[in-house]
Structures are given as C-alpha cells and as structure tokens.
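Now for the letters of each chain:
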Amino acid sequence: MSVYSIKLIKQQQVAEGTMAFFFKRPAGFEFAGGQSVDMTLINPPETDAEGDTRAFSLASAPHEPDLMIATRIRDTAFKRTLKGLQPGTEVKIEGPFGSMTLHRKTNRPAVILAGGIGITPFRSMIVQATEGNTGHSLFLFYSNRRPEDAAFLAELQELARQRENLTLVATMTNLENSQADWSGETGHISLELLMKYVTDLADPIYYTAGPPALVAAMKELLNEAGVDEDDVNSEDFSGY
Ligand SMILES: Cc1cc2nc3c(=O)[nH]c(=O)nc-3n(C[C@H](O)[C@H](O)[C@H](O)COP(=O)(O)OP(=O)(O)OC[C@H]3O[C@@H](n4cnc5c(N)ncnc54)[C@H](O)[C@@H]3O)c2cc1C
C-alpha cells in the first residue's frame, strides 16, 4: 500500500462542530468513491494514547481536484492538532483502503443509510455516480439530530433537485434543540420510512457507514426487513 505526504490547502466548516479539510492530491493517487485512508500527523505538538493516526473516508469524489476528509472536531489531541494545521502543512496518508464501493450493475438501485458523519464515503460515491452519469438509481437516507449537524446537506439537496436518479430523504431526530426551519422527515431511519420511498426492499443493494452503533442498528433493520445480508455493504467508523 502506498504512503504519500500531502499538503493542506484549506479547512472549512461543513456543519456545527464539523470541519472539512482539503489537501493537494498527490500524483498517481487513485481511489474509488467509498474508500478511506489512514492519516498520520507529522511531528504534532501533542499526542495521546490513541496515537497520531486515524482512518478517514475520502469525502471528495475521485474526479474532484483535491482530496477532502470531514470530521467531527472532538476534544482529542489528534483533532486539536488537525484543527490547528496551517495551509501548507504536510500530513501522511496511506491507502486507499476498503471495498465499500458502488456496485457495477446499474439495474439494481443503491440505497444508502447514513447517520451523522457517516455521510463522508457517500458524498464521494454520490458525486462520483451523478457526475459520471453511471445510470444508478440512488436513494440516500440521511439521519441527523438537527439540520445544523448535517454535513453537506445543502449540497446534497441541490444535487437531488438537479438529478432525477437521486432521491434524498433527510430526517432529523432532535429538532427541539434546533433553530433551523425543517419541513422534511423526522425520527430515526425505520422500516416505515424505507417503505415510504423504496417500492421493493429486496431489489436494492444497501450501503451503511458511521459510528458502530448506527451501523449495527441499520443492519438489524435490514435483517428484519428480510434483506439478504449479501446485499448489505457497511463500514464501521471504529473510534466513535
Ligand atoms: C474505515 C474508517 C473510516 C472512517 N471515516 C471517518 C470519517 O470520514 N470521518 C470521521 O470523523 N471519522 C472517521 N472514522 C473514525 C476515525 O478514524 C476516528 O476514530 C474518529 O474520528 C474519532 O477520533 P477522535 O480523535 O475524535 O477520538 P479518539 O481519540 O480516537 O477516541 C478514542 C476513544 O475515546 C472516545 N472519545 C473520544 N472523544 C470523545 C468524546 N468527545 N465523547 C465521547 N467519547 C469520546 C471514543 O469513543 C473512543 O473510544 C473512520 C474510521 C474507519 C475505521
């Protein structure tokens, strides 16, 4: 597996407490939407027991010029250092890793179940598929506590408006604490919600990623719906 040093271009807030980091893409680095890298900080000013390396899904699509990751900024040595990085600073990445990439046969729809920061591999996958006109029919169920927490929501809403083959079902679970207007779905991703938008649950290939508790809940839901486990692709963001 190849190791690259990459330079930070900029950072940008993409939701409350959530930052995207854009890096210059190294020559020869190829990946597919849905894959991840291991990122290592070089000589960080502080470190802790978890060390200087974290796995991140690439949230940028393969055809986009920069590499982008996005993360919840929590109070850990790694995240404090990451947030403090100045443009031009180098970090190391190793990869790409992972086999959670979009299926090739477009006769079966893709149903994506994302919660919170678990959106990152799917932003990449969806932008790749829509820009590349792959012909996939895509359903994105995207659950967050509040609209303020939902990274890339405005961009995904715009994409869904433009592309007939992308259905976005964003749902909020804790609107009481939100200042935002919301007229979309509420509550957790449930069988009822899936059935409201997907006519035959046995037809699609499913994708889910994010904190392990969310991934486990989504797999359980699909199991209860009678979905064949061979049709479910998942990625645990261990560490959340
Ligand atoms: C394949 C893969 C892809 C991933 N993609 C992404 C991604 O795109 N974006 C992303 O953000 N992460 C992603 N992760 C997870 C990422 O690697 C980190 O584990 C995660 O971001 C947490 O890092 P941390 O520095 O905040 O906490 P760590 O220091 O790694 O946390 C260590 C432990 O402390 C706990 N902990 C730390 N801080 C808190 C807190 N504030 N509240 C409660 N518990 C806490 C954690 O639960 C964990 O058990 C991915 C992981 C994998 C395996």
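Residues numbered from 1 in each chain as written. Predicted model: local features only at pLDDT ≥ 70, side-chain atom pairs only at ≥ 80, totals over all residues. Heavy atoms only, no water.

Caption draft 1: The arrangement of the site of the ligand in detail. Taken together, the neighbourhood of the ligand is formed by 20 residues, with A55, T71, T76, T120 and Y240 sitting nearest. At a separation of 2.6 Å, an oxygen atom of the ligand approaches a polar backbone atom of A55. In this structure, an oxygen atom belonging to the ligand sits 2.8 Å away from a side-chain N or O atom of T76. In isolation the ligand has 950 Å² of accessible area, and contact with the protein removes 73% of it. It is strand 4 (residues 53-57) that contributes the most residues to the shell around the ligand, four residues altogether. (Near = heavy atom within 4 Å. Polar contact = N/O pair within 3.5 Å; in protein donor to acceptor, adjacent residues only side chain to side chain. Areas by Shrake-Rupley, 256 points an atom, 1.4 Å probe, with all protein chains shown as cover. Helix = DSSP H or I, 4+ residues; strand = E, 2+ residues; numbered from the N terminus.)

Caption draft 2: Quick look at the pattern of salt bridges. Under the definition given, this model contains 10 salt bridges. Two residues, R123 and E64, come together in a salt bridge whose shortest N-O distance is 2.9 Å. In this pair, R123 sits in helix 2 (residues 120-131) while E64 sits in the loop between strand 4 and strand 5 (66-72), placing the two residues 59 residues apart along the sequence. For the pair formed by R123 and E64, the shared burial category is buried. Its salt-bridge partner being R80, residue D75 comes within 2.7 Å of it at the nearest N-O pair. One connected set of salt bridges, linked through shared partners, spans E16, R146 and D149. (Salt bridge = Lys/Arg side-chain N within 4 Å of Asp/Glu carboxyl O. Buried < 20%, exposed > 50% of the residue type's maximum accessible area, 1.4 Å probe, protein only.)

Caption draft 3: Geometry of the sheet that holds strand 12 (residues 232-236). Read from one edge to the other, the open sheet built from six strands follows the order 10-9-8-7-11-12, with strand pairing classed as parallel. Edge positions in the sheet fall to strand 10 (185-186) and strand 12, since each of these pairs with one other strand and no more. Its contacts with the sheet put helix 2 on strand 7 (110-115), strand 8 (138-144), strand 9 (166-172) and strand 11 (205-210), and the angle it makes with strand 11 is roughly 140 degrees. Lying over the sheet, helix 3 (residues 153-162) contacts strand 8 and strand 9, oriented at roughly 145 degrees with respect to strand 9. (Pairing = 2+ DSSP bridges. Contact = heavy atoms within 4.5 Å. Axes fitted to C-alpha atoms, helices over the stretch in contact; angles between N-to-C directions.)

Caption draft 4: The arrangement of the side chain of S60 in detail. Its location among the elements puts S60 in the loop between strand 4 and strand 5. Judged by relative accessible area, which is 2%, S60 ranks as buried. Here the side chain of S60 touches M68 through a polar contact of 2.9 Å, landing on its backbone nitrogen. Excluding residues within four positions of it along the chain, S60 makes contact with F31, D66, L67, M68, R123 and S124.

Caption draft 5: Region of the structure containing helix 3. Along helix 3, the residues that are buried comprise L153, L156 and L159. Projected down its long axis, helix 3 shows its buried positions confined to an angular sector of 125 degrees, all on one face. Those residues of helix 3 that are exposed and aimed more than 90 degrees away from the buried face are A154, R161 and Q162. Buried residues belonging to helix 3 abut helix 2, strand 8 and strand 9. (Arc of directions from axis to C-beta.)

Caption draft 6: Geometry of the packing of aromatic side chains. Per the stated rule, a full pass over the model turns up four aromatic pairs. Between Y4 and F29 the ring centres are 5.2 Å apart and the planes differ by 90 degrees, which places this aromatic pair in the edge-to-face class. One end of the pair, Y4, is in strand 1 (residues 2-15); the other, F29, is in the loop between strand 2 (18-24) and strand 3 (36-41), with 25 residues separating them in the sequence. F29 matches Y4 in its accessibility class, with the two residues each being buried. Both rings, one in F141 and one in Y197, keep their centres 6.0 Å apart while their planes meet at 75 degrees; by these two values the pair is edge-to-face. You can see F141 sitting in strand 8 and its partner Y197 sitting in helix 4 (residues 191-197), a full 56 residues away along the chain. For F141, a relative accessible area of 0% gives the class buried. Cluster of aromatic residues (ring-pair linked, three or more members): Y4, F29 and F31. (Phe/Tyr/Trp six-rings, centres within 6.5 Å; stacked < 30°, edge-to-face > 60°.)

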